[in-house]
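Inside the fold
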Protein chains: 2
Amino acid sequence: MLTALQRARFTVVLVGARNPQNIGAAARAMQDFGFSDLRVVNEYAAPFEAAQLEAKSAVGAAGVMRNAQIFTSLGQAVANCTLVIGTTAIGARELQQTVMPIQQVAEQIHTTLHNPTHRVALLFGSEKTGLTNEQLSHCSALATIPLFAPLREDGTPARHLSMNLGQSVAVCLYELTRDGLEGAREMPTQHGMPATQEDRERLTQMLLHAMQHTGYTRRFPANARETVVRRLAQQLGTTHLEATTWMAFLKQIVKEEAEGREDSL
Amino acid sequence: MLTALQRARFTVVLVGARNPQNIGAAARAMQDFGFSDLRVVNEYAAPFEAAQLEAKSAVGAAGVMRNAQIFTSLGQAVANCTLVIGTTAIGARELQQTVMPIQQVAEQIHTTLHNPTHRVALLFGSEKTGLTNEQLSHCSALATIPLFAPLREDGTPARHLSMNLGQSVAVCLYELTRDGLEGAREMPTQHGMPATQEDRERLTQMLLHAMQHTGYTRRFPANARETVVRRLAQQLGTTHLEATTWMAFLKQIVKEEAEGREDSL
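Report on the accompanying structure. Here the structure is a predicted model, which means the values were calculated and not measured.

So, how was this worked out
- Residues numbered from 1 in each chain as written.
- Chains lettered and ligands numbered in written order.
- Predicted model: local features only at pLDDT ≥ 70, side-chain atom pairs only at ≥ 80, totals over all residues.
- Heavy atoms only, no water.
- Salt bridge = Lys/Arg side-chain N within 4 Å of Asp/Glu carboxyl O.
- Helix = DSSP H or I, 4+ residues; strand = E, 2+ residues; numbered from the N terminus.
- Buried < 20%, exposed > 50% of the residue type's maximum accessible area, 1.4 Å probe, protein only.
- Phe/Tyr/Trp six-rings, centres within 6.5 Å; stacked < 30°, edge-to-face > 60°.
- Lys NZ or Arg CZ within 6 Å of the ring centre and 35° of its normal.
- Pairing = 2+ DSSP bridges.
- Contact = heavy atoms within 4.5 Å.
- Patch = residues over 30% accessible without salt bridge, like charges linked within 9 Å, V, L, I, M, F, W, Y side chains within 5 Å.
- Areas by Shrake-Rupley, 256 points an atom, 1.4 Å probe, with all protein chains shown as cover.
- Lys, Arg positive; Asp, Glu negative; His and termini not counted.
- Charge placed at Lys NZ, Arg CZ, Asp CG, Glu CD.
- Axes fitted to C-alpha atoms, helices over the stretch in contact; angles between N-to-C directions.
- Expected span 1.5 Å × (residues − 1).
- Polar contact = N/O pair within 3.5 Å; in protein donor to acceptor, adjacent residues only side chain to side chain.

This part takes up the pattern of salt bridges. Residue and element names in this part refer to chain A. Tallied over the full model, the rule gives 14 salt bridges over all chains. Close ionic contact of Glu201 with Arg230 constitutes a salt bridge, the shortest N to O distance being 2.8 Å. Taken together, the positions of Glu201 in helix H9 (residues 197-213) and Arg230 in helix H11 (residues 226-234) put the pair 29 residues apart, joining distant regions of the chain. Looking at Glu201, the relative accessible area reads 30%, which means it is partly exposed.

What follows concerns the packing of aromatic side chains. Applying the stated criterion across every chain, the model contains twelve aromatic pairs over all chains. Ring geometry for A:Phe33 versus A:Tyr174: centroids 6.3 Å apart, planes at 65°, classification edge-to-face. With A:Phe33 in helix H2 (residues 20-33) and A:Tyr174 in helix H8 (residues 165-184), the pair connects residues that are 141 residues apart, well separated along the chain. For A:Phe33, a relative accessible area of 0% translates into the label buried. Between A:Tyr174 and B:Tyr174, the aromatic rings sit 6.3 Å apart at their centres with planes inclined by 90°, giving edge-to-face as the arrangement. One end of the pair, A:Tyr174, is in helix H8; the other, B:Tyr174, is in helix H8 (residues 165-177), on a second chain. Each of the two residues, A:Tyr174 as well as B:Tyr174, counts as buried. Positioned above the aromatic ring of A:Phe35, the side-chain terminus of A:Arg7 is 5.2 Å from the ring centre.

As a further point, take the pairing of strand S7 (residues 141-144) of chain A. Residue and element names in this part refer to chain A. Of the two faces of S7, both are covered, the one formed by Ala141 and Ala143 as well as the one formed by Leu142 and Thr144. Note that strand S4 (residues 83-87) and S7 share three bridges and pair parallel. Note that in S7 the partner of Gly86 across the bridge is Leu142. When strand S5 (residues 99-101) meets S7, the two strands line up parallel, connected through three bridges. Looking across to S7, one finds that Val99 is bridged to Leu142.

Position of B:Ala158 among the secondary structure elements: in the loop between strand S7 (141-144) and H8. Residue contacts for B:Ala158: discarding those within four places in its chain leaves B:Pro150, B:Leu151 and B:Arg152.

Residues and elements named next belong to chain A. Counting buried positions over the five residues of strand S6 (residues 120-124) gives five, a clear majority of the element. Covered by surrounding structure in S6 are Val120, Leu122 and Phe124 together with Ala121 and Leu123, the residues of both alternating faces. Sheet analysis places strand S1 (residues 10-15) next to S6, joined by five bridges and oriented parallel. Of the residues in S6, the one forming a bridge with Val12 is Leu122. Direction of pairing for S4 relative to S6: parallel, over a ladder of four bridges. Residue Ile85 lies in a different strand from S6, and its bridge partner there is Leu122.

As a further point, take a positive patch on the surface. Judged by side-chain charge, A:Arg218, A:Arg219, B:Arg202 and B:Lys251 come together as a positively charged surface patch. Mapping B:Arg202 onto the fold places it in helix H9 (residues 197-213).

This paragraph deals with the sheet that holds strand S4 (residues 83-87) of chain B. Sheets are built from strands that pair by backbone hydrogen bonding, the pairs being arranged parallel or antiparallel. All names here are of chain B. Read from one edge of the open sheet, seven strands run S3-S2-S1-S6-S4-S7-S5, paired in parallel fashion. Whereas interior strands pair on both sides, the edge strands pair on one side only; in this sheet they are strand S3 (69-71) and strand S5 (99-101). Adjacent strand axes in the sheet meet at a mean angle of 30°, parallel and antiparallel pairs treated alike.

All names here are of chain A. An ideal rise of 1.5 Å per residue puts 20 Å on 14 residues; H2 measures up with 20 Å between its terminal C-alpha atoms. Most of H2 sits out of view: 13 of its 14 residues are buried. Here H2 starts with a cap whose side-chain oxygen sits 2.8 Å from the backbone nitrogen of Gln21, and that cap is Asn19. In the stretch just after H2, Gly34 is the one whose phi turns positive, near 85°.

In structure tokens, the structure reads:
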């Protein structure tokens, strides 16, 4: 679980992103997973300014975009960070550095953020080229999202590995908060009271009763045995309310059948 | 690790997606993580056709988009699936079903795909509304991506929880193919053919029919609404054999009731 102070020491850096929509999508993913420090490195401010304009109307990204900072040099953007991690789709080029799966890197980031003197930056390159060698040289570690990489018979990759920028950011931040958020927020497990085993045993008996009354038992005796019916009844009613719905229906079947018989006397 | 055959039995269903770019983004995420069966449910074919046109030039999504199928009804789209899981951003509405974090659901999907008679569908709703209650009633389980959910001082959520469609698909498929799931999985102990979604839809209709015939619908109209009954029917019949047992029982109820009425004439 990352605390608010630890989250505040984590920065997403978009380097050379060209499409304003992708900048907005990254900002939205940050907001979704509880991060707020976005830095954009671009020679020209145009994509960033367009993203800020769009964010005013865009869902969920406004807060992050408002506080985002723009830099013209990557060095300046990560100047106050203690751990700089680049993301890459491996296979694209010969890398000089070790590439680790994002799962493993997420652990390293967690450990680092636990120390209040640290500040971590996660870098994403441009949509077209990813991080250049020069940009990678600012990184002390490289992370990749393991993608499906089929090989041709001659051993060469059958497809170019690259991922949509907004999706990459979302997956990395998901991984970073994956273990923590689960506990942090209580999942609404179920609406209303769950069905009890007592409910289920009542259902078993009512179902047996209804099968007998409707003539089902006579026609399909093997399927109307108590153990078989009990197994069926285990599936009825996840909630107590659902179980009682079944009970009322089964009662109605028996009642209706009895009335039908009475009428025919 | 999912094998190619297991991947082939996993389907992504986009229900009511309006933005062609989002359909393309979902297709691209599927290609990135090694899945190929995309089904799109839409009243109008326009967004799907636009996505197919765009995919010709789009990076990485072409293969998936070429094989994608379009349906006008969700029931048809998932008819041959045995496990249907809906995704939801909880908090949006009061849910009747249990919502599990995607981590947990991914394990269930893995276990299910290990059995070659199973076929799993993961549903994503429209960008605006998510899955409707009617659409959720087709699901036997609900999954959510745990998002950052700060609360105001009065305990109400400080932001609307929702996620970009393409990003949601990417995160779910990432979780599904994430390393580490390989270890602690067991073969399912289920015997016989599993019930399909087509079986469950037949059960829904037969149950509605039986409720009407026995007078249950008249007495408890709120519990006999189609979405409520479909949710009940999702619980019936884990195996195909159990599903047919239920069908025979429901048939017998209607038959018996009709005969009773005839006798009383």
